[in-house]
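Remarks on the overall topology
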Amino acid sequence: MDSDVFDASVLTAEKYGITKNRFARILKMLSDARYIEGVEVIDEGEPDEFDETPYTRFKIIIGEVFLTFKGMEFLAQNTVTAQTFSMLKKIREIAPL
């Protein structure tokens, strides 16, 4: 949010160590849920079984990507939840029931 220019190089499947299909589906879910804007994911559907040409199921169009207010709320709530869970896990390791 502080940068004037969006660095699209940070938004790749390889960066997160996941498949391109999983990455596309995650981006689609985030966009559909209105957590992010500026990304369009087009699902080409299942390939024709008789088609021998190289096939890519998802087409990702990345524009000026930004986190929406709803996305910021989600991150804030889940960061607190994750920190609480981590703390409880550490307590449980130290003092098992």
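These notes cover the structure that comes with them. (Residues numbered from 1 in each chain as written. Predicted model: local features only at pLDDT ≥ 70, side-chain atom pairs only at ≥ 80, totals over all residues. Heavy atoms only, no water.)

1. Re the overall build of the protein chain
Scanning the protein chain from N- to C-terminus turns up 3 helices and 2 strands. The secondary structure elements of the protein chain, listed N-terminal to C-terminal, are α-α-β-β-α. Within the protein chain, buried positions represent 16% of all 97 residues. Within the protein chain, contacts between residues at least 6 apart in sequence are counted, and of these 48% link residues at least 24 apart. Here the protein chain has roughly 8,200 Å² of accessible surface; of this, 58% comes from carbon and sulfur atoms. (Helix = DSSP H or I, 4+ residues; strand = E, 2+ residues; numbered from the N terminus. Buried < 20%, exposed > 50% of the residue type's maximum accessible area, 1.4 Å probe, protein only. Contact = heavy atoms within 4.5 Å. Areas by Shrake-Rupley, 256 points an atom, 1.4 Å probe, with all protein chains shown as cover.)

2. As for the nonpolar core
Among the nonpolar cores identified, the biggest contains 10 residues, and these are L11, A13, F23, A24, L27, I36, V39, V41, F58 and V65. For this core, the secondary-structure elements that each account for two or more residues are α2 (20-32), β1 (36-43) and β2 (58-67). Not counting chain neighbours up to four residues away, the residues in contact with V65 comprise F6, L11, E37, G38 and V39. (Core = buried A, V, L, I, M, F, W, Y, C linked by side-chain atoms within 4.5 Å.)

3. Considering the pattern of salt bridges
Applying the stated rule across the entire model yields 2 salt bridges. With its nearest N and O atoms 3.2 Å apart, the salt bridge here joins D32 to K28. Taken together, the residues D32 and K28, both in helix α2 and 4 residues apart, mark about one turn of the helix. By relative accessible area, D32 is classed as exposed at 52%. D43 serves as the salt-bridge partner of R57, at 2.8 Å between the closest nitrogen and oxygen. A residue pair is termed long-range when its members are at least 10 positions apart, and R57 in the loop between β1 and β2 and D43 in strand β1 qualify at 14 residues. Residue D43 is classed as partly exposed on the basis of its relative accessible area of 37%. (Salt bridge = Lys/Arg side-chain N within 4 Å of Asp/Glu carboxyl O.)

4. A short note on α2
It helps to recall that an α-helix has 3.6 residues per turn; residues three or four apart then point in one direction. If you check α2, its first and last C-alpha atoms are 18 Å apart, about what 13 residues at 1.5 Å a residue would give, namely 18 Å. Considered for burial, the residues of α2 that qualify are F23, A24, L27 and S31. What you see down the axis of α2 is that its buried residues fit within an arc of 100 degrees, all on one side. Residues of α2 that are exposed and point over 90 degrees away from its buried face: R22, M29 and D32. Structurally, α2 contributes buried residues whose contacts are with α1 (13-16), β1 and β2. R34, located one to two residues past α2, shows a positive phi value of around 65 degrees. (Expected span 1.5 Å × (residues − 1). Arc of directions from axis to C-beta.)

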